[in-house]
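Analysis of the macromolecular model
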Amino acid sequence: MYSTAKRHIVRLATTGMMLAAGAVVELRLMNAYGVPMLLALPCGLAVGLSVGHLVEAVTSRFGTTVYRCPASGCAYKVRVAHADAAERRRWQETAAAHPRHELIYLH
């Protein structure tokens, strides 16, 4: 199982790198058009955060397992990230035997 502190450190480092990269790229692009630094900096930070969020969302999909209820028409699902084999098995059984079925009605 992954350490929570280790994950937070990696997440902070990734966010910082994306912020810096986005700010530098935007500042260089906007400097060519004569945009003032105080206006270009928030744009660069916003681009950096957006790229960082996209990278984090894509990479989190690789470590996530989704278990769905096997009953037909039930929309219940569980997303499990960074779990060992016993915990994944426990969530798989929970998804198969949950007490309340969320049925999808198609009109």
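Residues numbered from 1 in each chain as written. Predicted model: local features only at pLDDT ≥ 70, side-chain atom pairs only at ≥ 80, totals over all residues. Heavy atoms only, no water.

Here we look at the overall build of the protein chain
The cut-off we apply is this: Secondary structure follows DSSP: runs of H or I at least 4 residues long count as helices, runs of E at least 2 residues long count as strands, and numbering of each begins at the N terminus. In this treatment the radius of gyration is a C-alpha quantity, and the globule benchmark scales as 2.2 Å times the residue count to the 0.38 power.
In terms of regular secondary structure, the protein chain is built from three helices and two strands. Reading the protein chain from its N end, one meets helices and strands in the order α-α-β-β-α. Its C-alpha atoms give the protein chain a radius of gyration of 21 Å, more than 25% over the compact-globule value 13 Å for 107 residues. Seen through its C-alpha atoms, the protein chain measures out along the principal axes to roughly 60 × 45 × 15 Å.

A word on the environment of alanine 81
We count it as follows: Any residue under 20% of the maximum accessible area for its type is buried, any over 50% is exposed, and the rest in between are partly exposed; the area is computed with a 1.4 Å probe on protein chains only.
One can find alanine 81 in strand β2 (residues 77–81). Classification of alanine 81 as partly exposed rests on a relative accessible area of 42%. For the pair alanine 81 and threonine 64, spaced 17 residues apart in the sequence, the C-alpha separation amounts to 4.3 Å.

Structural notes on the layout of surface pockets
Stated precisely, the cut-off is as follows: In this analysis a 1.4 Å probe is tested at points of a 1 Å grid over the protein atoms alone, and where it fits but cannot get out there is a cavity; an open set with protein on both sides within 12 Å along at least five of seven lines is a pocket; lining residues have an atom within 4 Å of a point. Grid points are joined across faces, edges and corners, and a volume is the space filled by probe spheres set on the points. Residues are grouped as follows: Ala, Val, Leu, Ile, Met, Phe, Trp, Tyr, Cys and Pro are nonpolar; Asp, Glu, Lys and Arg are charged; all remaining types, including Gly, are polar.
There is about 570 Å³ of room inside the largest pocket. Forming the walls of the largest pocket are 23 residues, and the residues nearest its centre are Arg7, Val10, Arg11, Glu56 and Thr59. Breaking the lining of the largest pocket down by element, the ones donating at least two residues are α1 (4–31) and α2 (37–62). With nine residues, the top contributor of residues to the lining of the largest pocket is α1. Of the residues belonging to the lining of the largest pocket, the class tally is six nonpolar, 13 polar and four charged.

Section: the environment of lysine 77
Condition: Should any heavy atoms of two residues lie within 4.5 Å, those residues are counted as being in contact.
The residue lysine 77 is located in strand β2 in this model. Classification of lysine 77 by relative accessible area gives partly exposed; the value is 42%. Along the chain, lysine 77 and valine 66 lie 11 residues apart, while their C-alpha atoms are 6.7 Å from each other. The contacts of lysine 77, once residues within four sequence positions are left out, are Val66, Tyr67 and Arg68.

Things to note about a positive patch on the surface
Where we set the bar: For patch building, the residue pool is restricted to those with more than 30% relative accessible area and no salt bridge; the joining distance is 9 Å between like charges and 5 Å between nonpolar side chains (Val, Leu, Ile, Met, Phe, Trp, Tyr). Method for areas: the Shrake-Rupley scheme with a 1.4 Å probe, in which residue coverage is limited to the protein chains shown. In what follows, salt bridge is the name for a side-chain nitrogen of Lys or Arg lying within 4 Å of a carboxyl oxygen of Asp or Glu. The sign given to each residue is positive for Lys and Arg and negative for Asp and Glu; His and the chain ends receive no count. A charge is said to be at NZ when it belongs to Lys, at CZ for Arg, at CG for Asp and at CD for Glu.
Residues Arg61, Arg68, Lys77 and Arg79 make up a contiguous surface patch of positive charge. As for its position among the elements, arginine 68 is in strand β1 (residues 64–68). Looking at arginine 68, the relative accessible area reads 55%, which means it is exposed.

So, the pattern of salt bridges
Per the stated rule, a full pass over the model turns up one salt bridge. The closest approach of N and O atoms between arginine 89 and glutamate 93, which form a salt bridge, is 3.3 Å. On the criterion of helical spacing, the pair formed by arginine 89 and glutamate 93 is a turn pair, its members being four residues apart in helix α3 (residues 85–96).

Let's talk about α2
Within an α-helix, residues lying three or four positions from one another point in the same direction, as the helix has 3.6 residues per turn. Cut-off, in case you're wondering: Helix span, as expected, comes to 1.5 Å for every residue beyond the first.
Along its 26 residues, α2 runs 38 Å from first to last C-alpha, staying within 8% of the 38 Å computed at 1.5 Å per residue. Turning to α2, its buried residues are Ala40, Gly44, Gly48 and Gly52.

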